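Examining the three-dimensional arrangement
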Amino acid sequence: MAGENLWWSYLHFHLPNYAFSLLFYTLIGRFMFALFLPPDSPNYIYRWFRRLTDWLMRPVAFITPSIMPRLALAPVAAFWVAMARVAFFVAMHAAGLTPAVAR
């Protein structure tokens, strides 16, 4: 493993993993903004968080019971993204496509 570049050698693992984490933290940020701002707020960061995550909120709203408040949909979506990230890691690890931990 000496001299091996762990970033480029495992790009197939790192890019989707990074995308999952980016989506997760964007959903958490959307939730935090929603606690203090109205949905039609002119805040440009909140608008971008909404724009980046609206595509995921529709299916999550469809499968989540309607008794759940709309405000709680972003953490629910973040939970599903976290579970997808864990499932991705388990699948990649089982296939031997993740970087090994140095001992």
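I will try to describe carefully the structure that is included in this document. Since we're looking at a predicted model, the values are computed, not measured. (Residues numbered from 1 in each chain as written. Predicted model: local features only at pLDDT ≥ 70, side-chain atom pairs only at ≥ 80, totals over all residues. Heavy atoms only, no water.)

It is worth spelling out the side chain of Arg30 at this point. Position of Arg30 among the secondary structure elements: in helix α2 (residues 11–36). Arg30 sits in the buried class, given a relative accessible area of 9%. Only 2.9 Å separates the side chain of Arg30 from the side chain of Asp54, close enough to count as a polar contact. What Arg30 contacts, discounting residues up to four positions off in sequence, is Tyr46, Phe49, Arg50, Thr53, Asp54, Met57 and Ala74. (Helix = DSSP H or I, 4+ residues; strand = E, 2+ residues; numbered from the N terminus. Buried < 20%, exposed > 50% of the residue type's maximum accessible area, 1.4 Å probe, protein only. Polar contact = N/O pair within 3.5 Å; in protein donor to acceptor, adjacent residues only side chain to side chain. Contact = heavy atoms within 4.5 Å.)

Attention shifts here to the nonpolar core. Grouped together as the largest cluster of nonpolar side chains are eleven residues: Leu23, Leu27, Leu56, Met57, Val60, Leu73, Ala74, Val76, Ala77, Ala78 and Val81. Put simply, the parts of the chain that give this core at least two residues each are α2, α3 (44–63) and α4 (73–94). Looking at this core element by element, the count peaks at six residues for α4. (Core = buried A, V, L, I, M, F, W, Y, C linked by side-chain atoms within 4.5 Å.)

It is worth spelling out the packing of aromatic side chains at this point. Under the counting rule described, the total for this entry stands at seven aromatic pairs. Aromatic pair Phe20 and Phe88: ring centres 5.9 Å apart, planes at 55°, arrangement tilted. Of this pair, Phe20 sits in helix α2 while Phe88 sits in helix α4, placing them 68 residues apart in sequence. By relative accessible area, which is 17% here, Phe88 ends up buried. Relative to Phe49, the ring of Phe33 lies with its centre 5.6 Å away and its plane at 80°, an arrangement referred to as edge-to-face. Of the two residues, Phe33 is situated in helix α2 and Phe49 in helix α3; the sequence distance between them amounts to 16 residues. Relative accessible area serves as the criterion here: at 24%, Phe33 is assigned to the partly exposed category. Feature note: the residues Phe13, Phe20, Phe88 and Phe89 constitute an aromatic cluster, connected by ring pairs. (Phe/Tyr/Trp six-rings, centres within 6.5 Å; stacked < 30°, edge-to-face > 60°.)

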